[in-house]
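Observations on chain architecture
The lines below spell out each chain.
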Protein chains: 2
Amino acid sequence: MSRKPRIRSGSGVTMHDVAKAAGVSAITVSRALNQPQQVSPHLRDKVQQAVDALGYVPSRSASALASARSRTVLVLIPSLGNTVFLDTLAGIESILAPAGYQMLIGNSHYDAEQELQLLRAYLQHRPDGLLLTGLSHAAPFDALLRQHALPAVYMMDLADDGRCCVGFSQEEAGAAITRHLLSRGKRRIGFLGAQLDERVLKRLAGYRATLAEAGLHDPSLEWLDPSPSSMQMGADMLDAALRARPDCDALFCCNDDLAIGALARCQQLGVAVPQRLAVAGFNDLQPATWCIPSLTTVATPRREIGVQAARALLNMMDGGMPDAPRVDLGFELMLRRSS
Amino acid sequence: MSRKPRIRSGSGVTMHDVAKAAGVSAITVSRALNQPQQVSPHLRDKVQQAVDALGYVPSRSASALASARSRTVLVLIPSLGNTVFLDTLAGIESILAPAGYQMLIGNSHYDAEQELQLLRAYLQHRPDGLLLTGLSHAAPFDALLRQHALPAVYMMDLADDGRCCVGFSQEEAGAAITRHLLSRGKRRIGFLGAQLDERVLKRLAGYRATLAEAGLHDPSLEWLDPSPSSMQMGADMLDAALRARPDCDALFCCNDDLAIGALARCQQLGVAVPQRLAVAGFNDLQPATWCIPSLTTVATPRREIGVQAARALLNMMDGGMPDAPRVDLGFELMLRRSS
DNA sequence: TTGTATGCGTTATCAG
DNA sequence: CTGATAACGCATACAA
């Protein structure tokens, strides 16, 4: 029977070639690279030399197939254009990269259906674990996770059902900033909301509950738009708000972009901030500290969320249960000139 | 000899399981999924049913190993925090995803050494092709590409050495905006530059050449800082510029962020724009259209660059040569109120 | 500490 | 149009 040699991928250098060059067996090369302490220093050197000389690069596909571990983690986020998630990604990478894991980044564009498609597509890579944004996902989502026995950590929010999550209470944060505005003597506090994703709606719920408790809840002070937020939209919403309710004396914006756009429009219109109108944002992005007036907002531990979520996932992928199934990293009110 | 069953990855459903359930052979399943027209409609249906019933997800690792094609493209960009590259990524994905390719995104943080490390790391995935930002890379970079016979397309700029590239002339764009400022009667035109990557330096070169030709080049009108750009930095640089050269009558900022920060500072200081000081940016990001005053800038075809670069790469990965090795997508001056 | 035999899930090759 | 077989590159189990 004749051999059937096929086209080789990559540069064509395999572990066998390295082994031959180093005068050892293939498995010794494998160990020298993956568990160096199990190989004698002498052979380790010879292998390393051969690797360098031949320019050998291990094949992740072959490794994954043989070991049933892809050393890959799927990270699903709603947007790449939002600094919040970029910071989270940076935190994740700072933990996963040194541990030898690579990230597959999926951008769902704030769409549950797209998120499900992304999961389906990326499952072909057999990721060892999953980092998710938010708690609610499309119906078949959790079923898929279970079927594939995929460890998952939920980021940005806190669940009550035993799922492993790292975040803070969006609702409590919304309530806290609203209480602050109340403490400043404001009584007709409005809400500007864009995107209207899960987290924005929870901040809104916190706002509503706090005002209701004070007997000050007024649905006509809420301006909601499901389209993506932007500074431009903040400016437009401010116009709409002041037109509809000139007596409004404070605004809680669901994020800093909206708030900064609103602030800029106030400047143009000559609306006194915070005297006539106080403005608060959410997230504490960089411009919040130097816009005029500086912006009162809620600082969120997004990078740390990435770090701790990645650590918890590493734990679960090693077979262990997470130390704590639910990590509350809290938030911090940043009180500045706009309130 | 006893069998040695191992742990299975994923949900454990393999192509063989599907084949058994459908009453066909494994290879027929493979064909039904990848080359449907080569399988009779009847069997195709049976296979599809079995796939759905079992929740089968093909293994990319096994496929890559057997076919020597990973259906994966490595995209290396200098930053994820810059809208320019996010737009490019979106353009790329719009072409690669429908073609069945997945992107591996590497963020080099504007660092050639990191970029090289990323290439090394991602080569383990045996990408079928490469999309690169800019023309100059670390020394061993091109050697690695050749060794691995990796087709590559260079984005954002134009090369003269036969490399396949899709972009526009950064130098010519810098010259064009400078000529525009000259045409407005400005004579002491300054340059604010941050990051100082390859492309910023080319814009600077275009600026210098144009002014030199007019006999107006003055090195003391250049303010350069290698750290990452931001609106804050734009504001700070404006302060420095006006302090050192109060007679400066125009500023070409190497990007919109810097320009918008400078513009904001002008507002605060009461500097009349464009009368006393004209300001121009680069890229035409969203805020450029609605900041006060609106910003004169250079619109860059970044999304289209992604689209065409991806198309060219698909071509090369199919074995063909690119239609044109060098695609100049040009740029457009957006003349607004700030000049 | 090092080596041998074998299996991971898929596709290329070639035969029917 | 369909199927049997071998091969892809590496890691596990076990033996030496």
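What you are looking at is a predicted structure, and each value in this text was computed from that prediction instead of being measured.

Turning our eyes to something else, we now look at the pairing of strand E8 (residues 250-253) of chain B. Residue and element names in this part refer to chain B. Residues of E8 alternate between two faces, with Ala250 and Phe252 on one and Leu251 and Cys253 on the opposite face, all of them buried. With three bridges joining them, E8 and strand E9 (residues 278-280) adopt parallel strand pairing. The residue of E9 that forms the bridge with Ala250 is Ala278. As for the winding sense of the linkage, the β-α-β connection from E8 through helix H11 (residues 256-269) to E9 is right-handed.

Attention now moves to the sheet that holds strand E2 (residues 102-107) of chain A. Strand pairs in the sheet, formed through backbone hydrogen bonds, run parallel or antiparallel to each other. Residues and elements named next belong to chain A. Pairing is parallel in the open sheet, where six strands are placed in the order E2-E1-E3-E4-E5-E11. Each having just a single partner strand, E2 and strand E11 (326-328) make up the two edges of the open sheet. With strand direction ignored, the average angle separating the axes of adjacent strands in the sheet is 15°. Alignment of strand E4 (residues 152-156) against strand E5 (residues 165-167), held across three bridges, turns out to be parallel. Among the inter-strand pairings, Met156 is bridged to a residue of E5, identified as Gly167.

Glancing now at the relation of the copies chain A and chain B. Least-squares fitting of chain A to chain B yields an RMSD of 0.1 Å, with the transformation described by 0.0 Å of translation along the axis and a rotation of 180°. Each copy turns onto its partner about a two-fold axis. Taking the C-alpha atom as reference, chain A places Ser61(A) closest to the rotation axis, 2.2 Å from it. Taken as a fraction of all interface residues of chain A, those also at the interface in chain B reach 100%, which identifies the copy contact as same-surface.

This next bit is on the protein's contact with DNA strand C. For DNA strand C, the set of nearby residues contains 30 residues, the closest of which are Thr28(A), Leu43(A), Met15(B), Ser30(B) and Tyr56(B). For DNA strand C, the fraction of atoms within 4 Å of the protein that belong to sugar or phosphate moieties is 64%. Residue Ala66(A) places a main-chain N or O atom 3.4 Å away from a base oxygen belonging to DNA strand C. Within the side chain of Tyr56(B), one N or O atom sits 2.4 Å away from a phosphate oxygen of DNA strand C. Elements represented by at least two residues in the surface near DNA strand C include exactly helix H2 (26-34) and helix H4 (60-67) of chain A together with helix H1 (15-22), helix H2 (26-34) and helix H4 (60-67) of chain B. Partitioned by chemical class, the residues of the surface near DNA strand C number 12 nonpolar, 11 polar and seven charged.

So, on to the interface of chain A and chain B. Counting residues at the interface gives 41 residues for chain A, matched by 41 residues for chain B. Interface area, chain A with chain B, both sides summed: about 3900 Å², of which 58% is carbon and sulfur. The largest contributions to the chain A side of the interface with chain B come from Gln124(A), Arg126(A) and Trp290(A), which together make up 18% of the buried area. Put simply, chain A and chain B have zero salt bridges between them. In this assembly, chain A and chain B are joined by 11 residue pairs in polar contact (both at pLDDT 80 or more). Contributing elements (two or more residues each) for the side of chain A that touches chain B: H4, E2, helix H6 (112-123), helix H10 (231-244) and helix H11 (256-269) of chain A. It is H4(A) that contributes the most residues to the side of chain A that touches chain B, six residues altogether. Here the residues of the side of chain A that touches chain B sort into 18 nonpolar, 18 polar and five charged.

Glancing now at the sheet that holds E8(B). All names here are of chain B. If you trace the four strands from one edge of the open sheet to the other, you get E7-E6-E8-E9, paired in parallel fashion. Each end of this open sheet is capped by a strand with a single partner; those strands are strand E7 (222-225) and E9. Going from strand to strand, the sheet's axes swing by 15° on average, the running direction of each strand aside. Sitting on the sheet, helix H9 (residues 198-213) is in contact with strand E6 (189-194), E7 and E8, with an inclination near 170° to E6.

All names here are of chain A. Over its 14 residues, helix H8 (residues 170-183) extends 20 Å from the first C-alpha to the last, a length consistent with the 20 Å expected when each residue adds 1.5 Å. The buried fraction of H8 is high, at 10 of 14 residues. Turning to H8, its buried residues number three or more, namely Gln170, Ala173, Gly174, Ala175, Ala176, Ile177, Thr178, His180, Leu181 and Leu182. Immediately beyond the C-terminal end of H8, within one or two residues, lies Gly185, with a positive phi of roughly 90°.

Here we take up the UniProt feature "domain: HTH lacI-type" (unreviewed entry) in chain A. Listed under "domain: HTH lacI-type" (unreviewed entry) in the UniProt record, and renumbered for this structure, are residues 13-67 of chain A. With 71% helix and 0% strand, residues 13-67 of chain A has its two end C-alpha atoms placed 20 Å apart.

Residues and elements named next belong to chain A. Summarising the element assignment, Asp328 is placed in strand E11. On the basis of relative accessibility, which here comes to 48%, the residue Asp328 falls in the partly exposed class. In the structure, Asp328 is positioned 159 residues away from Ser169 in sequence and 7.6 Å away in space, judged by C-alpha atoms.

This part is about the packing of helix H8 (residues 170-183) of chain B against H9(B). Any two packed helices are characterised by the angle at which their axes cross and by the distance between the axes. Residue and element names in this part refer to chain B. Where H8 meets H9, the closest approach of the two axes is 7 Å, and the angle between their N-to-C directions is 45°. On the basis of their axis angle, the class for H8 and H9 is oblique. Crossing of H8 over H9 shows right-handed handedness. The segment H8 lies against H9, with Gln170, Glu171, Gly174, Ala175, Thr178, Arg179 and Leu182 engaging Arg199, Lys202, Arg203, Ala205, Gly206, Tyr207, Thr210 and Leu211. Within the contact of H8 with H9, the residues separate by chemical class into five nonpolar, five polar and five charged.

Basis of the calculations
- Residues numbered from 1 in each chain as written.
- Chains lettered and ligands numbered in written order.
- Predicted model: local features only at pLDDT ≥ 70, side-chain atom pairs only at ≥ 80, totals over all residues.
- Heavy atoms only, no water.
- Buried < 20%, exposed > 50% of the residue type's maximum accessible area, 1.4 Å probe, protein only.
- Helix = DSSP H or I, 4+ residues; strand = E, 2+ residues; numbered from the N terminus.
- Pairing = 2+ DSSP bridges.
- Right-handed = clockwise from strand over helix to strand, strands pointing away.
- Axes fitted to C-alpha atoms, helices over the stretch in contact; angles between N-to-C directions.
- Least-squares fit on C-alpha atoms with pLDDT ≥ 70 in both.
- Contact = heavy atoms within 4.5 Å.
- Near = heavy atom within 4 Å.
- Polar contact = N/O pair within 3.5 Å; in protein donor to acceptor, adjacent residues only side chain to side chain.
- Nonpolar A, V, L, I, M, F, W, Y, C, P; charged D, E, K, R; others polar.
- Buried area = accessible area lost by both parts, 1.4 Å probe.
- Salt bridge = Lys/Arg side-chain N within 4 Å of Asp/Glu carboxyl O.
- Expected span 1.5 Å × (residues − 1).
- UniProt positions renumbered as here; feature names shortened; annotations may be inferred.
- Parallel < 35°, antiparallel > 145°, perpendicular 65-115°, else oblique.
- Left-handed = near helix turned anticlockwise from the far one by under 90°.

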